[in-house]
Amino acid sequence: MTTEFQFSITCSPFNEQYQPCENTRTTTNFANLARGHNRVQNLRAALRMIDNRFNALAHWDNPNQNRYRLALDIVSVAVGVAGQNITGDAFPNIEMLNTHIVDTATNKRLPGVVGNNFSSYVRDYDFSILLPSHNAGGQQLAVPKDFGALHGKLFQALISSQEYQQQFTKLPVICLSVSSAKRYRRLSNQHPILGVEYEVNESSLTEQYFEKMGLRVRYFMPPNSVAPLAFYFIGDLLTDYTNLELISTISTMESFQKIYRPEIYNANSVAGVNYQPSLDQPDHSLTGVVYDREERSQLAVEQGKFAEANFIKPYQAQLKQQAAGRAH
């Protein structure tokens, strides 16, 4: 892909000592856990949940369910446009998580999956600034022309870049919550790791947005889970990744979702054949990990404005050309 975007990629460990860096989006879910008086307890509990879930799914040759632990890195991607100084002028574009699987039985460190949690300033701008502005005073949701085109080009340029390919051998898998506005139906297809597959009754705006990133989605409810997860990927989710790689994504993101959305992912009843998630479900359990959902919603608007002021407006002409697929 011909592009004027330049990328720099840095990785930092997500562990009990993690503290968000200055450029980290404060709405980023893992950053939300790492603030306040309970930050260490939050992080310790979340990491323990991830390891326990991993060992429960990777149960073969693992009689005590303690063979594996996950090491997580936060992948921070900065982007520069048209000859910017990538170290000085770059915009903090995307953050993802990368998993590493530590096998204590063999003393090996195995690659996991990059992607998992996904956050983006430009997506904040699109959904929190552009979309509401476009719909001001309207009665029905209207989507702006080329909505998500720039974000899609940025993502595709990233995964095609030398910087990405030098660090990661496989394409990202992004794992999100199902939508409380949609209905899901269980299918007969079942995978030994991903679990039983679901299909959605209609496409969502999120699906359409991620399609412009080159990603398609499938919904699976893993063994002993209570709700399906949305897996966004390129290629073939079922054959391009090993069982342990898939487990690394499931255990990480299902644990986070239990914290973020306990009404859905820590519910006391299992999704049925026909399923509509609800954030008003009272019959659920809390994890004890502190997470501020209200703050996250408020900050998304602030960070959308930050993207508009520091990236969208200053480079409007170049970005429009990139979004339209035209490079100089």
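Residues numbered from 1 in each chain as written. Predicted model: local features only at pLDDT ≥ 70, side-chain atom pairs only at ≥ 80, totals over all residues. Heavy atoms only, no water.

S.K.: Which residues make up the overall build of the protein chain, and what are the values?
M.R.: A count of helices and strands for the protein chain gives ten helices and ten strands. Among the 328 residues that make up the protein chain, the fraction classed as buried is 51%. Approximately 15,400 Å² of the protein chain is accessible, and the part contributed by carbon and sulfur atoms is 45%. (Helix = DSSP H or I, 4+ residues; strand = E, 2+ residues; numbered from the N terminus. Buried < 20%, exposed > 50% of the residue type's maximum accessible area, 1.4 Å probe, protein only. Areas by Shrake-Rupley, 256 points an atom, 1.4 Å probe, with all protein chains shown as cover.)

S.K.: How would you summarise the pattern of salt bridges if you had to cite specific residues and measurements?
M.R.: Within the structure shown, the criterion is met by seven salt bridges. Put simply, Glu245 and Lys170 hold a salt bridge, and the shortest N to O gap is 2.8 Å. Here Glu245 is found in helix 7 (residues 243–260), whereas its partner Lys170 is found in the loop between helix 5 (162–167) and strand 5 (173–177), with 75 residues between them in sequence. The salt bridge partner of Arg185 is Glu199, with a shortest N-O separation of 2.4 Å. Placement of the pair is Arg185 in strand 6 (residues 184–191) and Glu199 in strand 7 (residues 195–200), with a sequence separation of 14 residues. (Salt bridge = Lys/Arg side-chain N within 4 Å of Asp/Glu carboxyl O.)

S.K.: Outline the side chain of Arg53, supporting the account with residue identities and numerical values.
M.R.: Relative to the helices and strands, Arg53 resides in helix 2 (residues 39–57). Given the relative accessible area of 10%, Arg53 is considered buried. Dropping the residues within four chain positions of it, Arg53 is found in contact with Pro222, Pro223, Asn224, Ser225, Ser251, Glu254 and Ser255. (Contact = heavy atoms within 4.5 Å.)

S.K.: How would you explain the side chain of Asn93 if you had to name every residue and give the values?
M.R.: Take Asn93: it is sitting in strand 3 (residues 91–103). Relative accessible area serves as the criterion here: at 1%, Asn93 is assigned to the buried category. Every residue in contact with Asn93, bar those within four places of it in the chain, is listed here: Val77, Ala78, Val79, Ser119, Ser120, Tyr121, Val122 and Leu154.

S.K.: Lay out unusual backbone geometry in plain terms, naming residues and giving numbers.
M.R.: One non-glycine residue, Asn107, lies in positive phi territory at about 60 degrees. Position of Asn107 relative to the elements: it lies in the loop between strand 3 and strand 4 (108–120). Even without a glycine there, the phi angle at Asn116 is positive, about 55 degrees. By secondary structure assignment, the location of Asn116 is in strand 4.

S.K.: Outline the sheet that holds strand 7, supporting the account with residue identities and numerical values.
M.R.: Spatially, 1-2-3-4-5-9-8-7-6-10 is the arrangement adopted by the ten strands of the open sheet, whose pairing is mixed. Among the strands making up the open sheet, the edge pair consists of strand 1 (5–14) and strand 10 (274–275). Taken together, the ten bridges between strand 1 and strand 2 (residues 68–81) define a ladder with antiparallel strand orientation. Directly across from Thr10, in strand 2, lies its bridge partner Ser76. Packing against the sheet, helix 2 makes contact with strand 1, strand 2 and strand 3, and its axis sits at approximately 115 degrees to strand 2. Strands strand 3 and strand 4 of the sheet are contacted by helix 3 (residues 121–134), whose axis makes an angle of about 30 degrees with strand 4. (Pairing = 2+ DSSP bridges. Axes fitted to C-alpha atoms, helices over the stretch in contact; angles between N-to-C directions.)

S.K.: I'd like a description of the pairing of strand 8 (residues 216–221), backed by residues and values.
M.R.: Extensive coverage of strand 8 is indicated by the burial of five of its six residues. Taken together, the five bridges between strand 8 and strand 9 (residues 229–233) define a ladder with antiparallel strand orientation. Its bridge partner being in strand 9, Phe220 is matched across the sheet by Leu229.

S.K.: Give me the packing of aromatic side chains: which residues, what numbers.
M.R.: For the structure on display, the rule yields 20 aromatic pairs. By way of ring pairs, the aromatic residues Phe118, Phe127, Phe147, Phe155, Tyr209, Phe210 and Tyr232 are connected into one cluster. (Phe/Tyr/Trp six-rings, centres within 6.5 Å; stacked < 30°, edge-to-face > 60°.)

S.K.: Tell me about helix 2, and please be specific about residues and values.
M.R.: In a regular helix each residue adds 1.5 Å, so 19 residues correspond to 27 Å; helix 2 covers 27 Å between its end C-alpha atoms and thus fits that length. Where helix 2 is concerned, the buried positions are Arg39, Asn42, Leu43, Ala45, Ala46, Leu47, Ile50, Arg53, Phe54, Asn55 and Leu57. (Expected span 1.5 Å × (residues − 1).)

S.K.: I'd like to hear about the environment of Gly272, residue by residue, with values.
M.R.: Tracing the chain through its elements places Gly272 in the loop between helix 8 (262–265) and strand 10. For the pair formed by Gly272 and Val226, sequence separation is 46 residues and the distance between their alpha carbons is 9.0 Å. Apart from the residues lying within four places of it in its own chain, the contact partners of Gly272 are Arg186 and Tyr198.

S.K.: Could you give an account of the environment of Asn189, with specific residues and numbers?
M.R.: With respect to the helices and strands, the residue Asn189 is situated in strand 6. As for Asn189 and Phe220, which are separated by 31 residues in sequence, their C-alpha atoms are 9.5 Å apart. Residue contacts for Asn189: discarding those within four places in its chain leaves Gly195, Val196, Glu197, Arg218 and Phe220. Within polar-contact distance, the side chain of Asn189 engages the side chain of Glu197 at 2.8 Å. (Polar contact = N/O pair within 3.5 Å; in protein donor to acceptor, adjacent residues only side chain to side chain.)

S.K.: Let's hear about the packing of helix 3 against helix 4 (residues 149–160): which residues, and what values?
M.R.: At a closest axis distance of 10 Å, the pairing of helix 3 and helix 4 adopts a crossing angle of 165 degrees. On the basis of the axis angle, helix 3 is roughly antiparallel to helix 4. Crossing of helix 3 against helix 4: the hand is left-handed. Residues Val122, Arg123 and Asp126 of helix 3 form the contact with helix 4, whose own contacting residues are Leu150, His151 and Leu154. Broken down by class, the residue content of the contact of helix 3 with helix 4 amounts to three nonpolar, one polar and two charged. (Parallel < 35°, antiparallel > 145°, perpendicular 65-115°, else oblique. Left-handed = near helix turned anticlockwise from the far one by under 90°. Nonpolar A, V, L, I, M, F, W, Y, C, P; charged D, E, K, R; others polar.)

These figures come from the coordinates and say nothing about function on their own.
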